[in-house]
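Reading the structure
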Amino acid sequence: MYRRVIKPVLFSLTIEQAHHAVLLLLRIIGLIPGGRWLLRKCYAVEHPALEREVFGIRFANPIGLAAGFDHNGEAFRELAALGFGFVEVGTVTPRPQAGNPRPRVFRLPKDNAIINRIGLANRGLEATIRHLRRPHDGVIVGCNIGKNTSTPAENAPADYLKLFRSLYQYADYFTVNISCDNACREGTTHTREHILQILNPLFDFRRGQNQFRPIMLKISPDMSDEVIDQITDVLLETPLDGIVATNGTHSRGGLHTSRTTLEKIGSGRLSGAPLTHRAVEIVRRVHTRSGGTYPIIGVGGLMSAGDVRAMLDAGADLVQLYTGYVYNGPGMVKAVCRELIAAAEKPAAMRAAGESVQNGENPEASAPEAVGTAGKASDGESEEERRPGSGQK
Ligand SMILES: Cc1cc2nc3c(=O)[nH]c(=O)nc-3n(C[C@H](O)[C@H](O)[C@H](O)COP(=O)(O)O)c2cc1C
């Protein structure tokens, strides 16, 4: 249905028009009594094998919606009803900002990718609070926070602190987005000094609160391995709780889209399939260097259940989708969840089959059907067994 009917309609619109239409439709469904229930019935999967406890929060499944889809938190409950285990809203900035001139988001169908230079367009803190004030109904909400483009670098910490304080009671966790939106490159923002200038006031504020809110740092895929290691060391040495890896890339390597088209599009962050390898690689690096005990949200180029498995196997505790969801449609979360369940059940079924063989029984006769549909081979342990204490600092 999505591929044959809805996708051609949405793809005939500009990507921003399609995005607004989807958000509007979701909000309308949310206003209809039973609307969210119906969405959950169609798209959500519940199973104990999907559940995770990460930074003290219980997630019904590890698949989240990445930042940038619901900038203002206007449809977080409807998006969660589409099966997501959590929704990250934002990036929110203190004051509303219009972002860059349009067009500023482009599909690259030949590469299953998107280029965007939206420039953190959003309606600002007050509008986001109005949306997040509504009952959360059990939905886990992350708030992705950033500074206004017009805020000079030396005042950036004040922007982040204002957002953190004001949204503290409305979010389950925070993601600090240090990527710079327009002209600058991450070289200036991904330094230890800059990161600590932003994070330290947040740690100080949190110490005075009764409720604990985890703080994650979102990083760029364009950093050298050395810088990634330095950032991981910040994780090890400060109360920072985890890493969200990664944002889109400025790189244009290895694309099938023609050079002329790319030149016409111009600058922006590339997301989707071309990013998978680097995002997984970075998650593996952070996981290894941090000893596997710090929460990591893996995001970047997760286009299939296989990609999600690879990200989880690399050490991510949770994952987020954006471009893969745009290309695959709303059935993607359900499909990925089913594959994760099948993969989790496979070792148990194999063990049972092994015992049957030892007892002289026919393993095929007793193996559950799910084994045949399992995705990537598992290493014989469940997620929980593989990473004991994962997500606990
Ligand atoms: C149109 C668009 C807008 C985005 N806006 C934001 C944003 O406001 N804040 C943010 O942290 N990331 C933003 N992202 C980045 C995504 O959250 C994600 O990190 C990135 O796209 C890589 O994941 P993907 O390959 O699954 O899309 C945006 C991505 C896209 C495609």
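This write-up is about the structure you can find in this document. This structure is a prediction, so every number in the text was calculated from the model and none was measured.

Turning to the overall build of the chain, a few remarks are in order. Helix and strand content of the chain: 16 helices and 13 strands. Within the chain, the fraction of its 393 residues that count as buried is 43%. The contacts in the chain between residues at least 6 apart in sequence include a share of 74% that link residues at least 24 apart.

Membership of the largest hydrophobic core comes to 95 residues, with the highest contact counts inside it found for Val 87, Val 283, Met 311 and Val 319. Here this core takes nine residues from helix 13 (residues 332-358), the largest share from any one element. Setting aside anything within four residues of it in sequence, one finds Val 87 in contact with Gly 64, Leu 65, Asp 70, Phe 76, Leu 79, Ala 80, Val 139 and Val 141.

On to the sheet that holds strand 10 (residues 242-245). Strands sit in the order 3-4-7-8-9-10-12-13 around a closed barrel of eight strands; the barrel is parallel. Looking at each pair of strands side by side, their axes are set apart by 25° on average, direction ignored. Here strand 8 (residues 173-177) pairs with strand 9 (residues 215-219) via four bridges, running parallel. Bridged to Val 176 within strand 9 is Leu 217. On top of the sheet, helix 6 (residues 156-167) reaches strand 4 (86-92), strand 7 (141-145) and strand 8; it is set at about 160° to strand 7, its chief contact.

On to helix 10 (residues 276-289). With 14 residues, helix 10 extends 20 Å between its outermost C-alpha atoms, agreeing within 8% with the 20 Å of an ideal straight helix rising 1.5 Å per residue. For helix 10, the secondary structure elements touched by its buried residues are helix 8 (225-237), strand 10, strand 12 (296-299) and helix 11 (305-314). Just past helix 10, the residue Gly 291 takes up positive phi, approximately 75°.

What follows is about unusual backbone geometry. Cis geometry is adopted by the peptide bond preceding Thr 91, which originates at Gly 90 and carries an omega value of 10°. Following Arg 102, the chain continues into Pro 103 via a peptide bond in cis, with omega recorded as -5°. For Pro 103, the position within the fold is in the loop between strand 4 and strand 5 (105-108). In this structure, Asn 112 is a non-glycine residue whose phi angle is positive, near 50°. Tracing the sequence through the fold places Asn 112 in the loop between strand 5 and strand 6 (113-116). On the basis of neighbour count, Asn 112 is assigned to the buried category, with 21 C-beta atoms found within 10 Å. For Asp 137, which is not a glycine, the phi torsion comes out positive at approximately 50°. If you trace the backbone, Asp 137 turns up in the loop between helix 5 (124-132) and strand 7.

Rules behind the numbers
Residues numbered from 1 in each chain as written. Predicted model: local features only at pLDDT ≥ 70, side-chain atom pairs only at ≥ 80, totals over all residues. Helix = DSSP H or I, 4+ residues; strand = E, 2+ residues; numbered from the N terminus. Buried ≥ 20, exposed ≤ 12 C-beta atoms within 10 Å, placed from the backbone. Contact = placed C-beta atoms within 7 Å. Core = buried A, V, L, I, M, F, W, Y, C linked by C-beta atoms within 7 Å. Pairing = 2+ DSSP bridges. Axes fitted to C-alpha atoms, helices over the stretch in contact; angles between N-to-C directions. Expected span 1.5 Å × (residues − 1).

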